[in-house]
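These are the residues of each chain, in order.
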Amino acid sequence: MRRPDWDDYFMNIAKLVATRSTCLRRQVGCVVVKDRRILSTGYNGAPSGVAHCGEIGCLRETKGVPAGERHELCRGVHAEQNAIIQGARHGVSILGGTVYCTDQPCNICTKMLINAGIQEIVYLGDYPDEMSVELLKEAGVFCHRHKEGGKL
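The notes below deal with the structure included here. (Residues numbered from 1 in each chain as written. Predicted model: local features only at pLDDT ≥ 70, side-chain atom pairs only at ≥ 80, totals over all residues. Heavy atoms only, no water.)

### Things to note about the pattern of salt bridges
- In this structure the tally under the stated criterion is five salt bridges.
- Here Asp8 and Arg2 are joined by a salt bridge, their closest N and O atoms 2.5 Å apart.
- With relative accessibility at 1%, the residue Asp8 sits in the buried group.
- The shortest N-O distance in the salt bridge between Arg70 and Glu72 comes to 2.5 Å.
- Judged by relative accessible area, Arg70 falls into the partly exposed class, the value being 45%.
- For Glu72, a relative accessible area of 56% translates into the label exposed. (Salt bridge = Lys/Arg side-chain N within 4 Å of Asp/Glu carboxyl O. Buried < 20%, exposed > 50% of the residue type's maximum accessible area, 1.4 Å probe, protein only.)

### Some words on the environment of Tyr123
- Tracing the backbone through its elements, the reader meets Tyr123 in strand S4 (residues 120-125).
- With a relative accessible area of 11%, Tyr123 lands in the buried category.
- Remark: the alpha-carbon pair of Tyr123 and Asp103, spanning 20 residues in sequence, is separated by 5.4 Å.
- If we skip the residues at most four places from it in the chain, Tyr123 touches Met11, Cys101, Asp103, Gln104, Cys143, His144, Arg145 and His146. (Helix = DSSP H or I, 4+ residues; strand = E, 2+ residues; numbered from the N terminus. Contact = heavy atoms within 4.5 Å.)

### Looking at helix H1 (residues 6-18)
- Helix length check: H1 (13 residues) gives 18 Å between terminal C-alpha atoms against 18 Å at 1.5 Å per residue, within 8%.
- Along H1, the residues that are buried comprise Asp8, Phe10, Met11, Asn12, Ile13, Ala14, Lys15, Val17 and Ala18.
- Tucked into the core, H1 has its buried residues touching strand S1 (29-34), strand S2 (37-43), strand S3 (98-103) and S4. (Expected span 1.5 Å × (residues − 1).)

### Topic: the pairing of S2
- Bridge analysis of S1 against S2 gives six bridges, and the strand direction is antiparallel. Paired with Cys30 across the two strands is Gly42, which belongs to S2.
- Where S1 folds back onto S2 in an antiparallel hairpin, the turn is made up of two residues, including Asp35, whose phi is positive at roughly 55 degrees. (Pairing = 2+ DSSP bridges.)

### Description of the packing of helix H4 (residues 79-89) against helix H5 (residues 107-115)
- Packing of H4 against H5 brings their axes to within 9 Å, and their N-to-C directions diverge by 25 degrees. Taken together, H4 and H5 sit at an angle that is classed as roughly parallel. Once H4 is placed against H5, the crossing between them reads as left-handed. Taken together, the residues of H5 that come into contact with H4 (itself represented by Glu80, Gln81 and Ile84) are Ile108, Cys109, Met112 and Leu113. (Axes fitted to C-alpha atoms, helices over the stretch in contact; angles between N-to-C directions. Parallel < 35°, antiparallel > 145°, perpendicular 65-115°, else oblique. Left-handed = near helix turned anticlockwise from the far one by under 90°.)

Below is the structure:
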């Protein structure tokens, strides 16, 4: 039996976290790690106590909004945002951490991750947002696509 390396291990956890998503269009999971320890997790979906899109429908889908555009029409909170919020709610600093995310962060999440002090982002799938890539380069945050070795 092959033991997963740390990147595979944390990415597999991010994929599992994504299964909790309530988004109808894209299920995203995020894990924030430091010193090989999980600090927080997040998945995308409606805020706590608010109806999920599966219950009331997706406005972005109804309007035919392409991925990466018109984020303000989405009632969901992104996985990365929820991971940051979870750390803050529980008094866990994510400063200097690494993010494992099933999708490349959008520019909104990228700006939040930069300001939260994340040093590295490892993602699995691409997301159509060139500004995100430019911001990460400018901020000196190491960002790279995960080369899967072990499947969940």
